[in-house]
Amino acid sequence: IGLIGDIRKYSTAEILEYSNLNSADDVNVIVGGPPCQAFSTAGKRQGLNDARGNVFLKYIDVILEMQPEYAVIENVRGLYYAKYDIEHEDEVTAGFSDLLKQTKGAVLYYVKRKLELGGYSVKFNLYNSADFGAPQKRERVVLICTRVGNPVPYLKPTHSNNPEYGLKKWRTLKHAIGKLQGTKMHGMSFPESRLQYYRILKEGENWTNLSDELQRKALGNAYHLSGGKTGFLRKLAWDLPSPTVVTNPAMPATDLCHPTENRPLSVEEYKAIQEFPKTWKIEGSLTDQYKQIGNAVPVSLGYAIGDALVKHSEGITEEEIANFRYTRYHNSNDDEFIKALSGKENKEKVKQLELQLA
């Protein structure tokens with residue numbers, strides 16, 4: 001029995017009832033990815049001011065009320081940059097300075113402290129799904145919390161793009177969808193305004209491979225935006241993992257075009273990249289199907305999380321891979337993040353003091 005709907009409308013008791021559980025004592029693990037769009041680097045980053053961001057707070061409350069042995073939270077990289085921008089006071093924010101609330105990363109710090117005060121140890125890192133066998137470069141922050149024993153170690157990678165680690169090579173887009181030839185595809189199409197450029201581009205190319213004149217024409221006002229704009233007019237490469245599959249493969253800034261066919265990736269290809277079994281049927285409209293698959297966690301990353309929980313519960317300790325770099329971004333694990341956040345707040349205090357003395 002499952003409950004479908006807005007989690008904010010239901011009490012913990014109702015969630016347990018709909019889950020066919022007698023009490024919170026029957027809950028060993030809570031795993032979830034609260035709506036991430038409020039923190040997404042591709043969105044407006046409204047954080048907790050966004051209604052979806054407040055679902056995040058509700059999810060934390062459910063964990064603290066049920067008190068499972070383990071809790072897992074998965075979210076986008078934008079969580080590292082979200083400020084604590086709502087009027088909500090509790091035992092955690094009571095110790096927050098105004099400067100800390102307005103410091104990027106304050107939301108993640110709040111979540112960590114909230115769970116720690118609730119009796120949990122909290123470890124987190126930014127993981128690339130490709131490092132765990134997924135044919136997709138999808139980076140997500142994963143918090144693993146436990147109130148039993150030592151903290152759960154960081155996830156152990158099985159693949160890498162760096163041969164020095166002695167792991168298997170990243171799986172590629174061809175591994176995922178190369179065998180789908182002959183399969184009936186269901187998908188969207190690009191408008192002619194973009195097709196005219198895709199007919200020029202080759203496998204693995206994007207808008208930067210067009211002439212400057214065509215770049216300006218193709219991107220319009222977006223041409224003058226800062227950043228790499230790597231999602232515009234993007235034809236994928238067979239010999240690399242797929243970029244993150246998004247909720248719509250035909251949006252101008254996040255195009256996911258087939259390597260050799262001038263069309264967006266199909267629902268069937270989405271399923272393969274996310275490692276869903278072919279037998280799974282995704283319900284709803286075409287748009288709904290893309291959205292459901294695009295919002296999911298790749299199976300390989302999910303397996304790595306589950307494997308870490310099982311081994312921790314059984315007292316199994318594995319040797320870590322020395323100096324493994326999970327991501328190109330700095331301060332992504334919990335220890336580095338807290339140190340960096342403290343440094344940012346101190347710098348802001350110094351700036352404020354200098355302004356007062358000027």
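For the structure itself, consult the block above.
Residues numbered from 1 in each chain as written. Predicted model: local features only at pLDDT ≥ 70, side-chain atom pairs only at ≥ 80, totals over all residues. Heavy atoms only, no water.

**Digging into the pattern of salt bridges**
Moving on, step 1. Taken as a whole and assessed by the stated rule, the structure comprises 18 salt bridges.
Moving on, step 2. When the shortest N-O distance is used, the salt bridge between K114 and E91 registers 3.5 Å. Here K114, found in helix α4 (residues 106-117), pairs with E91, found in the loop between β2 (70-75) and α3 (98-101); they are 23 residues apart in sequence, far enough to count as distant.
Moving on, step 3. Taking relative accessible area as the criterion, K114 reaches 10% and is therefore assigned buried.
Moving on, step 4. Taken together, the shared-partner salt bridges connect D90, E91 and K114 into one network. (Salt bridge = Lys/Arg side-chain N within 4 Å of Asp/Glu carboxyl O. Helix = DSSP H or I, 4+ residues; strand = E, 2+ residues; numbered from the N terminus. Buried < 20%, exposed > 50% of the residue type's maximum accessible area, 1.4 Å probe, protein only.)

**Section: the packing of aromatic side chains**
Moving on, step 1. What the rule picks out here adds up to 17 aromatic pairs.
Moving on, step 2. Between the aromatic rings of Y10 and Y18, the centroid separation amounts to 6.2 Å while the plane-to-plane angle is 75°, which identifies the pairing as edge-to-face.
Moving on, step 3. Under the relative-accessibility criterion, Y10 is labelled partly exposed at 22%.
Moving on, step 4. Among the aromatic residues, ring-to-ring pairing joins Y127, F132, Y154, Y165, F324 and Y326 into one connected group. (Phe/Tyr/Trp six-rings, centres within 6.5 Å; stacked < 30°, edge-to-face > 60°.)

**Quick look at the layout of surface pockets**
Moving on, step 1. Considering only enclosed or pocket space, the second largest pocket measures out at about 700 Å³ in volume.
Moving on, step 2. Contributing to the lining of the second largest pocket are 33 residues, with Y154, L155, K156, P157 and Y326 lying nearest its centre.
Moving on, step 3. Residue contributions to the lining of the second largest pocket peak at seven residues, all from helix α10 (residues 299-313).
Moving on, step 4. Residue classes in the lining of the second largest pocket are distributed as 14 nonpolar, eleven polar and eight charged. (1 Å grid on protein atoms, 1.4 Å probe; cavity = no way out; pocket = protein on both sides within 12 Å on 5 of 7 lines; lining within 4 Å. Points joined across faces, edges and corners; volume = space filled by probe spheres on them. Nonpolar A, V, L, I, M, F, W, Y, C, P; charged D, E, K, R; others polar.)

**Examining the pairing of β2**
Moving on, step 1. When you tally the buried positions in β2, you get six out of six residues, the bulk of the element.
Moving on, step 2. With four bridges joining them, strand β1 (residues 29-32) and β2 adopt parallel strand pairing. The partner of V29 across the bridge, within β2, is Y70. (Pairing = 2+ DSSP bridges.)

**Quick notes on the sheet that holds β2**
Moving on, step 1. Read from one edge to the other, the open sheet built from four strands follows the order β1-β2-β5-β3, with strand pairing classed as mixed. Every interior strand has two partners, whereas the edge strands, β1 and β3 (121-128), have only one. Adjacent strand axes in the sheet meet at a mean angle of 15°, parallel and antiparallel pairs treated alike.
Moving on, step 2. Its contacts with the sheet put α4 on β2, β3 and β5 (139-146), and the angle it makes with β3 is roughly 145°.
Moving on, step 3. α10 contacts β1, β2, β3 and β5 of the sheet and is inclined by roughly 160° relative to β2. (Axes fitted to C-alpha atoms, helices over the stretch in contact; angles between N-to-C directions. Contact = heavy atoms within 4.5 Å.)

**Brief notes about the environment of D255**
Moving on, step 1. Inspection of the secondary structure puts D255 in the loop between β8 (242-243) and α8 (267-273).
Moving on, step 2. In this structure D255 comes out as buried when scored by relative accessible area, which is 0%.
Moving on, step 3. A sequence separation of 31 residues divides D255 from H224, and the C-alpha atoms of the two residues are 19 Å apart.
Moving on, step 4. Those residues in contact with D255, other than ones at most four positions away along the chain, are F190, R194, Y198, G231, L233, R234, P249 and A250.
Moving on, step 5. For D255, the side chain forms a polar contact with the side chain of R194, separated by 2.8 Å. (Polar contact = N/O pair within 3.5 Å; in protein donor to acceptor, adjacent residues only side chain to side chain.)

**Observations regarding unusual backbone geometry**
Moving on, step 1. Of note in this structure, Q67 is not a glycine but carries a positive phi near 55°.
Moving on, step 2. According to the relative accessible area criterion, Q67 is partly exposed, its value standing at 26%.
Moving on, step 3. The backbone phi angle of L233 is positive, close to 45°, even though this residue is not glycine.
Moving on, step 4. Considering the arrangement of structural elements, one finds L233 in the loop between α7 (212-219) and β8.

**What to know about the side chain of H159**
Moving on, step 1. With respect to the helices, strands and loops of the structure, H159 is situated in strand β6 (residues 159-160).
Moving on, step 2. Those residues in contact with H159 that lie beyond four places of it in its chain are A130, D131, F132, G133, L167, K168, K169, W170, R171 and F324.

**Some thoughts on the nonpolar core**
Moving on, step 1. Membership of the largest hydrophobic core comes to 37 residues, with the highest contact counts inside it found for I63, M66, I73, V111, L115, F124 and L143.
Moving on, step 2. At the level of secondary structure, the elements contributing two or more residues to this core comprise α1 (12-18), α2 (51-66), β2, α4, β3, β5 and α11 (334-357).
Moving on, step 3. Counting residues per element, this core draws most heavily on α2, at seven residues.
Moving on, step 4. Excluding residues that lie within four positions of it along the chain, L143 makes contacts with A71, V72, I73, L79, L108, V111, V122, K123 and F124.
Moving on, step 5. Core analysis: the next-biggest nonpolar cluster, separate from the first, contains 18 residues, L265, V267, F276 and I293 among them. (Core = buried A, V, L, I, M, F, W, Y, C linked by side-chain atoms within 4.5 Å.)

**Comments concerning the environment of N28**
Moving on, step 1. Along the chain, the position of N28 falls in the loop between α1 and β1.
Moving on, step 2. Along the backbone, N28 and A71 are 43 residues apart, and their C-alpha atoms lie at a distance of 8.5 Å.
Moving on, step 3. In contact with N28, not counting residues within four places along its chain, are P68, E69 and Y70.

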